[in-house]
Each structure stands twice: as C-alpha cells, then as structure tokens.
Amino acid sequence: GGLRSLIHQKERELHDINEYRLQTLESLVADREREAAAAREQLAKVKEDFTYNLKLLEERDKELERYDDAFAQLRAVVRERDAELSELRIASADAAHEAASAREAGTEAERYFELKLSQAREEAETMRWRRDEDVRGLREALEAQQRESARQLAEASEALQRERRGAAPAFYDE
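First things first, this report covers the structure right here in the doc. (Residues numbered from 1 in each chain as written. Predicted model: local features only at pLDDT ≥ 70, side-chain atom pairs only at ≥ 80, totals over all residues. Heavy atoms only, no water.)

**Points about helix 1 (residues 2-105)**
Convention followed: Going along the chain from the N terminus, every DSSP run of H or I of four or more residues is numbered as a helix, and every run of E of two or more is numbered as a strand. Here the expected span of a helix is defined as 1.5 Å times the quantity of residues minus one.
Helix length check: helix 1 (104 residues) gives 152 Å between terminal C-alpha atoms against 154 Å at 1.5 Å per residue, within 8%. In the segment just after helix 1, Gly106 is the residue with positive phi, at about 155°.

Next up, the structure:
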C-alpha cells in the first residue's frame, strides 16, 4: 500500500511538473508571437517610411533636372546676347571705319558717324551690362536652389538614418 501510494504521488508530481513546463512553454510561445507581430509592424513602418523618403528623393531629382533645363535655357539666352554683342562690336568697328572715311569727306559727316559710333558703343555696353546681370542673377538662383536641395536631401537622409537606427535594435531583439 505505501509503495503504491508513493508511486501514485510521484506520478502526480511528475504530471504537475510536466503541466507547469507546458504552461511555461505556451506562455513563451505567446510572448514570442507578440514580439514577432510587433517587429513585423515596425518593419512595415520602416519600409513605408523608406518608400516615402525614396519618393522624396526622386521628386528632388526631377526638380534638379528642371533647374538644369532652366539653366541650359538661360545659357542659350546668354549665348544669343553674346552673339548680339559681337554683332554690335562689328557694327561699332564698321561705324568707326566709316567715321574715319567721313572725316576725309567733311566735318558734317564726321559728326554724324561719331554719333552713330557713340550710340553703338552705348548699346554694346547696355547689352554687356544686361548679360552680366542675367548671368549674375542666374548664378545666384542656381546656388540658392543647390543649397536648398542639399539641405532637403540632408534632412531626408538624416530622417532615414534615424528610422534605420530605431528599427535595427527592435529587429535584432527578435
């Protein structure tokens, strides 16, 4: 009788120990599943943020392309003005030549061509001044846009780095 009772008691203790181990394992599995779900959510958020930042960078690239196109157009305008300036210089040289010839013809003609020469020089100077102003304005606008784009790119990069740093520990804790 005593041995049977002892065997029965030991079987019950063994059963209780196994039941406790089973409950502990089930609790651990539930905890791990919750942690895995949280990690999946965090990963989905990081992916969403990454996609958003990537879209921002693509939009910034497109904007920079538009500025490059505008800059190329302004360069074309400057080239046209340079060509006009060159033509005006040629006209000025021609007027100077004609003025020299007119001096031989008389004082009246000399005054006329000197006036023409002066007007051509003024026009050339005005064109040169306009071209220099256009180039200066273009350069300032381009530099300002480059600074702004660099600032925005740095902000997007920093945000992405912060998100990566925030997501990495949770991901590896799994």
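**Some thoughts on a negative patch on the surface**
Under the convention used in this document: Two distance rules govern patches: like charges are joined within 9 Å, and nonpolar side chains (Val, Leu, Ile, Met, Phe, Trp, Tyr) within 5 Å, applied only to residues with over 30% relative accessible area and no salt bridge. Working definition of accessibility: Shrake-Rupley area with a 1.4 Å probe, residue cover restricted to the visible protein chains. Each reported salt bridge corresponds to a side-chain nitrogen of Lys or Arg within 4 Å of a carboxyl oxygen of Asp or Glu. Within this scheme the basic residues Lys and Arg register as positive and the acidic residues Asp and Glu register as negative, but His and the chain ends are omitted. Positions of charges follow a simple convention, taking NZ of Lys, CZ of Arg, CG of Asp or CD of Glu. Burial classification: accessible surface area is computed with a 1.4 Å probe over protein chains only, and a residue below 20% of its type maximum counts as buried, one above 50% as exposed, and the rest as partly exposed.
Taken together, Glu58, Glu59, Asp61, Glu65, Asp68 and Asp69 make up a surface patch of like negative charges. Inspection of the secondary structure puts Glu58 in helix 1. Glu58 sits in the partly exposed class, given a relative accessible area of 44%.

**Remarks on the pattern of salt bridges**
Within this structure, the stated rule accounts for 12 salt bridges. Salt-bridge contacts for Glu63 lead to Arg60; the nearest nitrogen and oxygen are separated by 2.5 Å. Of this pair, Glu63 and Arg60 both sit in helix 1, 3 residues apart, which is roughly one turn of that helix.

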